[in-house]
Structure formats: C-alpha cells, structure tokens
Amino acid sequence: MSINWDFIINSIPLYEKAAWLTLKLAFWGILISLVIGLICSVIQYFKIRILRSIVGAYIELSRNTPLLIQLYFLYFGLTKLGLTLSENTCAIIGLSFLGGSYMSEAFRGGIEAVSKSQIESGLSLGLSKIQLARYVILPQAFSFSISSIGANCIFLLKETSIVGAIAILDLMNVTKDLIGMYYQTFESLLMLVIAYLIILLPMSFLLTWLERKVRYAEFGN
Amino acid sequence: MSSEEKQPLLEIKDLYKEYDKKMVLNDIQLQINKGEVIVVLGPSGCGKSTLLRCLNGLEPIQGGEIKLRGKSLSGKDVDWQKIRQHIGMVFQNYDLFPNMTVIENILLGPIKVQKRDKNQVLMQAKELLDRVGLLDRIDAYPRQLSGGQKQRIAIVRALCMNPEIMLFDEVTASLDPEMVREVLEVILGLAKQGMTMIIVTHEMAFAQAVADRIVFLDAGNICEIAEPQEFFTDPKTERAKQFLNIFQY
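None of the values given here were measured: they were computed from a predicted structure.

## Focus on the overall build of chain B
Looking only at helices and strands, one finds ten helices and ten strands in chain B. Taken over C-alpha atoms, the radius of gyration comes to 18 Å for chain B, in line with the 18 Å a tight globule of 249 residues would show. The dimensions of chain B, computed from C-alpha atoms along their principal axes, are 50 × 50 × 45 Å. A burial count over chain B gives 55% of its 249 residues as buried. Once local pairs closer than 6 in sequence are excluded, the contacts in chain B between residues at least 24 apart make up 67%. Summed over its atoms, the accessible surface of chain B is roughly 11600 Å², and 47% of this surface lies on carbon and sulfur atoms.

This is how it looks when you write it as structure tokens:
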C-alpha cells in the first residue's frame, strides 16, 4: 500500500481551518469552564444556602450525562422550544456546561487539600472568611489543583471531537467528510491524528511547565 | 489601685467543653493577670491544647464563661474576629502561609485586618524580626526556612498584631532538638518584657524558668495550680507527682 501524498498535501488547508476552529471552541470552552468552576467551588466553600444545592445538582447533571447528549439537547432540543442557537454557540455552551463541573471538582479538591491548621492560623490573625479565602485558601488551592485543571483542559480539548455531531466542521468531521468523499481512509485518519498531536503536545508541555512553576513558587518542589 | 488593674486580664469560670458528648474540659477556673506567664502542663490528651483553642474561639465551649478584661466571650454574638486580634496564637506546626514571603505573612493581619499604616507596621515588623535574629530573611519564603526560623517568624507574625495575650500551643513540639532553644529564648524574652502568655509545653526546664504559675491539667480537670518552684519540687497531688516522675531518668 502506498501513501497518497498528493491527497495529504491538498487536504492540509482543510485540516488547518478545522484545527483553528477546534482550538477556538476549546479555548472558549475551557475559559468559561474555569470561571464556572471557580464560582461553583466558592459557592460550595462558603456553603451558601440554596445556591449550594443548585451547584450540587448542576455538577451531578453535568458529570452524569454524556457531552453528545448535552449537545443534542442544546442544538435539537432547544430548537423545538423555539430557542435556536448557532452550532458554535451550542458547542461552547456544551463544553462549558460539562467542563464547569469538572473544573469545580478540581478546585474543590484543591480547597480541601489546604490543611485545617492553615485555616486556623488565618483565623487566629483575625482574618474574615472572605479574606481567608482570598489570601490563604484560594492561592494554595490553586497550586494543589493545577494538575487536575491541566488534565481537564486536555480532556475538554479532546472532547471537541464530537461537536461534529451538530454539523460543526471540526477536525473529526472534516476527516469523516474526506473519507466519505475520497475513500482515503488511512491518509485522512493519519492527518487527523497528526493535527490533534500538533495541538495537544505543546499544550501538554505547557501545562506541565506551568504546573512545575506554580508548585515551585508555592512549595519549592 | 484602679479598678482596671485589679481586674484579671483573662478570666475563665466553670469552663466546660465536650466533643460528641465526651467531656474534654471540666470545671476550669483560672484567672490570668496582666503580665503573667501561665504554663499549662499535663499528659497527652488531657485537654491542654483544647483549653488554648477555646480561649480564642477555635473551639466552642459548652458551659461556663471566658472573660477578657471583664467582657464575656461567650454567647453567639461574640465577634471572634475582633477578639482574636487581642489574643495572639502560635501553633505547633508554625503554619506560615507558604504562598507568601516572611514579610507578607507578617503584614497580612495588621494591614488587611487591622487596617494599619503600612510603613508603621513595616517598621515594627523589622524591629521584631531583628530581635529574633531573622531580619535578613525578610523576603524569604517559608519553604526556605528551618523549623526554628519558621516558628520565630510565626511568633513575630502574632506579635505584630499587638495582642494583649499570647497563646503558645506546643510551639517546640515539632522542632529538631537543636532548634528548640532559639524559639524558647524568644518566648523567654517576651516574658521579660511583661507579655501576658499562656504556654502549653512539654519542656519542663523551660516551664520552670518562664512560668509565674504552673497549671497542671489531667483528664480535663485542673489538678493543681502552683508556683513553678513549688510544683517541681513539691507537687501536692499524686497525679502531678506521677507526671513529673516520667520526666526523670
């Protein structure tokens, strides 16, 4: 079997465009996930009534339903109710909805890892609960949770591979189209793998580096 | 004598404390005058640390009363955040904040809680750091310090709040032996300056040197309150005698 190099070279622009789209969706999905996660974990930390239950329900709902179903619901389900969102908006909302709960759990893990004596030490200086969170708990929690946050970022980026289900021309969907049209299965899939690696490998390295930096600043190891 | 001078700085009356219906402290009566150094001794698990923690609201009490300069610290409407500024506490595991430098650790309370002038606090902090011999570590992170250094910084951090009382909870218990002295000397220095202190420790020689009165706790009750000379040479209770014997080889 020989590799069809012409096909590969010709397909590069398509993959490039799809890769940027994948990155864009992942970027917004991750960013909004982080914000949702932080808000949810703070609500849980302060044990704010009512909101806390809502957050709990949200986390269970989001973690226990597949992203594909969430996307279908947003894209096809909401349209039936008269709310039509663009494909990209649906994808970003879906990713954020899913990622928010994962990020929240990562932050929560970090917050719980802050030792009780650190909190007492802060209390004994007369810090209020908000000051305690701002100066003592959250900075340390962030260091503790940075590796899970990194893992979640990569997870979310990979999850973008199913947004093709709602007609977005991401890397996966472009590949399916090419296979369908030209029957160049091996070449198309090879390009797909390479495209994901080009995006994910630098991101992995970056996150590992960041993790080391943050942990060193905090704990020196 | 004015009425203020006659009043004890801290007064503990009939204090009762339990965890899950299990008595931890019972019928604690103690008056601490300004400038006095109280050392609390007793076997492990007798409630020494719990007693200290009750005094700055880290543990709620189930009965009795604690009064700071005549003002009750019991009841639901007590503003512990305010009271804790007057009652400094140093813990066994130093618990400096690892995400802040030495000086940031020290300035946090005075500036964020007490809203004091930064330059004024900085001057005070430097003076205190100099006194504990750590002025050159002002910008270090806790991870760069030894246990003894961390504990001295923790003491400075508490002192910078200008507390009226300092509580020391087994502050040398996690230190390597050669670092114990440097920390104890700082506390001894504070005693000489007239700082009111309640100290929980297992360092018997230190207790004898620093204390005005020894409080001996056993199984949640005060067994004996005595001057150190008397307590160490001629303890009144059988329980205290047994306790002191353990320390003699």
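Resuming the write-up.
## Topic: the sheet that holds strand β6 (residues 87-90) of chain B
Residues and elements named next belong to chain B. On the basis of which strands lie adjacent, the open sheet formed by six strands has the order β6-β7-β8-β3-β9-β10 and mixed pairing. Edge strands, defined here as strands with exactly one partner in the open sheet, are β6 and β10 (221-226). Direction aside, the axes of adjacent strands within the sheet are offset by 20 degrees on average. Both strand β3 (residues 37-41) and strand β9 (residues 213-218) contribute to a ladder of four bridges, which runs parallel. Bridge pairing in β9 links L41 to F216.

## With respect to the side chain of A:D170
Tracing the backbone through its elements, the reader meets A:D170 in the loop between α6 (129-159) and α7 (171-182). Look past the residues within four positions of A:D170 in its chain and what remains in contact with it is A:A18, A:L21, A:T22, A:T160, A:S161, A:V163, A:G164 and A:Y196.

## Details of helix α7 (residues 177-192) of chain B
Residues and elements named next belong to chain B. Compared with the 22 Å implied by 1.5 Å per residue over 16 residues, the 24 Å span of α7 between its first and last C-alpha is a close match. Buried residues of α7: M179, V180, V183, L184, V186, I187, L190 and A191, and no others. Down the axis of α7, the sector holding all buried residues measures 150 degrees, keeping them to one side. Facing away from the buried side of α7 by more than 90 degrees, the exposed set consists of E178, R181 and K192. In this fold, the buried residues of α7 make contact with β3, α6 (147-159), β7 (165-169), β8 (196-200) and α8 (204-210). Two residues or fewer past α7, G194 is found with a positive phi of approximately 90 degrees.

## A short note on the packing of helix α1 (residues 5-45) of chain A against helix α2 (residues 51-63) of chain A
All names here are of chain A. Here α1 crosses α2 at 130 degrees, and the two axes come no closer than 9 Å. By the angle class used here, α1 and α2 are oblique. Crossing angle aside, the handedness with which α1 passes α2 is left-handed. Contacts between α1 and α2 pair I36, C40, I43 and Q44 from the former with L51, R52, V55, Y58 and I59 from the latter. Residues belonging to the contact of α1 with α2 are distributed by class as follows: seven nonpolar, one polar and one charged.

## Remarks on α7(A)
The end-to-end C-alpha distance of α7(A) is 16 Å, a good match for the 16 Å that twelve residues give at a rise of 1.5 Å each. Phi turns positive, to about 60 degrees, at A:Y183, one or two residues after α7(A).

## Considering the packing of aromatic side chains
Scanning the entire structure with this criterion turns up ten aromatic pairs over all chains. Plain terms: the ring middles of A:Y102 and A:F155 are 4.9 Å apart, the flat faces sit at 40 degrees to each other, and that makes the pair tilted. Taken as a pair, A:Y102 in helix α4 (residues 87-113) and A:F155 in helix α6 lie far apart in primary sequence, 53 residues in all. Arranged with centres 5.1 Å apart and planes meeting at 50 degrees, the rings of B:F216 and B:F243 form a pair that is tilted. Here B:F243 lies in helix α10 (residues 238-246) and B:F216 lies in strand β9, a separation of 27 residues in the sequence. Of the two residues, B:F216 and B:F243, neither departs from the other in class, the shared state being buried. Taken together through their ring pairs, the aromatic side chains of B:F216, B:F231, B:F232 and B:F243 make up a single cluster.

## Some details on a nonpolar patch on the surface
Residue and element names in this part refer to chain A. On the surface, F27, W28, L31 and I32 cluster together into a nonpolar patch covering about 360 Å² of accessible area. Looking at the secondary structure, you find W28 in helix α1. Accessibility expressed as a relative area gives 39% for W28, which makes it partly exposed.

## Examining the interface of chain B and chain A
The partner chain A presents 23 residues to the 23 residues of chain B that form the contact. Together chain B and chain A conceal approximately 2000 Å² of surface at their shared face, both sides included; 55% is due to carbon and sulfur atoms. The largest per-residue losses of area from chain B upon contact with chain A belong to B:F97, B:N99 and B:R143, which jointly make up 27% of the total buried on that side. Our enumeration of links across chain B and chain A arrives at one salt bridge. We note a salt bridge from B:R53 to A:E120, for which the minimum N-O separation is 2.7 Å. Counting across the interface, chain B meets chain A through ten residue pairs in polar contact (both at pLDDT 80 or more). Within the residue set of the side of chain B that touches chain A, elements represented by two or more residues are β6 and α4 (102-113) of chain B.

## Examining the environment of B:C46
Residue and element names in this part refer to chain B. Note on placement: C46 falls in the loop between β3 and α2 (48-55). A sequence separation of 19 residues divides C46 from D27, and the C-alpha atoms of the two residues are 14 Å apart. Discounting chain neighbours no more than four positions away, the residues touching C46 are V24, L25, L217, D218, A219 and G220.

The rules we used
- Residues numbered from 1 in each chain as written.
- Chains lettered and ligands numbered in written order.
- Predicted model: local features only at pLDDT ≥ 70, side-chain atom pairs only at ≥ 80, totals over all residues.
- Heavy atoms only, no water.
- Helix = DSSP H or I, 4+ residues; strand = E, 2+ residues; numbered from the N terminus.
- Rg over C-alpha atoms; globule rule 2.2 N^0.38 Å.
- Buried < 20%, exposed > 50% of the residue type's maximum accessible area, 1.4 Å probe, protein only.
- Contact = heavy atoms within 4.5 Å.
- Areas by Shrake-Rupley, 256 points an atom, 1.4 Å probe, with all protein chains shown as cover.
- Pairing = 2+ DSSP bridges.
- Axes fitted to C-alpha atoms, helices over the stretch in contact; angles between N-to-C directions.
- Expected span 1.5 Å × (residues − 1).
- Arc of directions from axis to C-beta.
- Parallel < 35°, antiparallel > 145°, perpendicular 65-115°, else oblique.
- Left-handed = near helix turned anticlockwise from the far one by under 90°.
- Nonpolar A, V, L, I, M, F, W, Y, C, P; charged D, E, K, R; others polar.
- Phe/Tyr/Trp six-rings, centres within 6.5 Å; stacked < 30°, edge-to-face > 60°.
- Patch = residues over 30% accessible without salt bridge, like charges linked within 9 Å, V, L, I, M, F, W, Y side chains within 5 Å.
- Salt bridge = Lys/Arg side-chain N within 4 Å of Asp/Glu carboxyl O.
- Buried area = accessible area lost by both parts, 1.4 Å probe.
- Polar contact = N/O pair within 3.5 Å; in protein donor to acceptor, adjacent residues only side chain to side chain.

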